[in-house]
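Working through the structure, step by step
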Amino acid sequence: MTRTLRTKGYMGQLLDGKKLADLANAIYAIQYNEAGVCTVDHLLLIELKEENVFGENKYAVICQEGVGWEQDSYGCLEIPTNIGQWSHYEGHVFLSIEVVKSCLTGEQLDVSDYVRTFGDRLDSNCYLWQSKMIPLSKKDKVKS
């Protein structure tokens, strides 16, 4: 499957990786009593069909590999951090959805365009997240 064959209309909101890294480094500084040096990739915040106990839609963040982290039962999102020379996801911090939303760039992206293409695994990851989301056309009808 190629990007042009992926289903369109599943929109997410881009998160500023620099702002997320600043928050993560502040948390690491408190936890480890030293200045943090992590980075965070730009992530995509998506709204899921699944609701929390208050009847509100849950959220998830995904990276460009289509790997993602869903909001937990406490209302927090796990934010993966890159630490070290190889910049692998070696750490993580948990941030409330309100704090995560404070890092929005204002840019909306289609999940099918955001998740890069390179084989079936990435296409499967893209489809997995789309299957958990409400497409844009149905969201508009639900909220009207």
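Residues numbered from 1 in each chain as written. Predicted model: local features only at pLDDT ≥ 70, side-chain atom pairs only at ≥ 80, totals over all residues. Heavy atoms only, no water.

Topic: the pattern of salt bridges
Enumeration according to the criterion identifies five salt bridges in this entry. Between Asp113 and Lys8 there is a salt bridge, and its shortest N-O distance comes to 2.5 Å. Here Asp113, found in helix H3 (residues 111-114), pairs with Lys8, found in the segment before strand E1 (11-15); they are 105 residues apart in sequence, far enough to count as distant. With a relative accessible area of 36%, Asp113 lands in the partly exposed category. In this structure, the salt-bridge partner of Lys132 is Glu70, at a minimum N-O distance of 2.6 Å. (Salt bridge = Lys/Arg side-chain N within 4 Å of Asp/Glu carboxyl O. Helix = DSSP H or I, 4+ residues; strand = E, 2+ residues; numbered from the N terminus. Buried < 20%, exposed > 50% of the residue type's maximum accessible area, 1.4 Å probe, protein only.)

Focus on helix H1 (residues 17-32)
Helix length check: H1, at 16 residues, gives a terminal C-alpha distance of 21 Å against a target of 22 Å (1.5 Å per residue), a fit within 8%. Looking only at H1, the buried set comprises Gly17, Leu20, Ala21, Ala24, Asn25 and Tyr28. For H1, the buried positions fall inside an angular range of 135° around the axis, keeping them on one side. Near the N-terminus of H1, the side chain that reaches the backbone nitrogen of Lys18, with its oxygen 2.8 Å away, is that of Asp16. Of the residues flanking the end of H1, it is Asn33, one or two places downstream, whose phi is positive at about 55°. (Expected span 1.5 Å × (residues − 1). Arc of directions from axis to C-beta. Polar contact = N/O pair within 3.5 Å; in protein donor to acceptor, adjacent residues only side chain to side chain.)

Looking at the environment of Val67
Inspection of the secondary structure puts Val67 in the loop between strand E3 (57-62) and strand E4 (68-70). In sequence terms Val67 and Leu122 are 55 residues apart; their C-alpha atoms lie 8.5 Å from each other. With residues near it in sequence (within four places) discarded, Val67 still touches Val61, Ile62, Asn125 and Trp129. (Contact = heavy atoms within 4.5 Å.)

Remarks on the sheet that holds E3
Ordered in space as E4-E3-E2-E1-E7, the five strands form an open sheet in which the pairing is antiparallel. With partners counted over all chains shown, the strands left at the sheet margins are E4 and strand E7 (104-110), one partner each. Direction aside, neighbouring strands of the sheet carry axes that sit 35° apart on average. Note that E1 and E7 share four bridges and pair antiparallel. Paired with Gln13 across the bridge in E7 is Gln108. (Pairing = 2+ DSSP bridges. Axes fitted to C-alpha atoms, helices over the stretch in contact; angles between N-to-C directions.)

A word on the pairing of E1
The buried fraction of E1 amounts to four of the five residues, a majority that puts the element mostly inside the structure. Taken together, the three bridges between E1 and strand E2 (residues 43-51) define a ladder with antiparallel strand orientation. What sits directly across from Leu15, in E2, is Leu43.

Here's the deal with the packing of aromatic side chains
In this description, an aromatic ring pair is defined by two values, namely the gap between the centres and the angle between the planes. With the rule as written, the count across this model stands at one aromatic pair. Look at Tyr28 and Tyr32: their rings are 6.0 Å apart centre to centre, the planes differ by 40°, and that puts the pair in the tilted class. Here the residue Tyr28 and the residue Tyr32 both occupy positions in helix H1, the gap between them amounting to four residues, near one helical turn. Since its relative accessible area comes to 54%, Tyr32 is described here as exposed. (Phe/Tyr/Trp six-rings, centres within 6.5 Å; stacked < 30°, edge-to-face > 60°.)

Digging into helix H4 (residues 120-131)
Helix length check: H4, at 12 residues, gives a terminal C-alpha distance of 16 Å against a target of 16 Å (1.5 Å per residue), a fit within 8%. By the burial criterion, the buried members of H4 are Leu122, Asp123, Asn125, Cys126, Trp129 and Gln130. Seen from one end, H4 has its buried residues packed into an arc of 160°, which puts them on one side. Opposite the buried face of H4, by more than 90 degrees, sit the exposed residues Asp120 and Tyr127. Of the surrounding elements, those touching the buried residues of H4 are E2, E3, E4 and H3.

Keep in mind that these numbers describe shape and distance, not what the molecule does.
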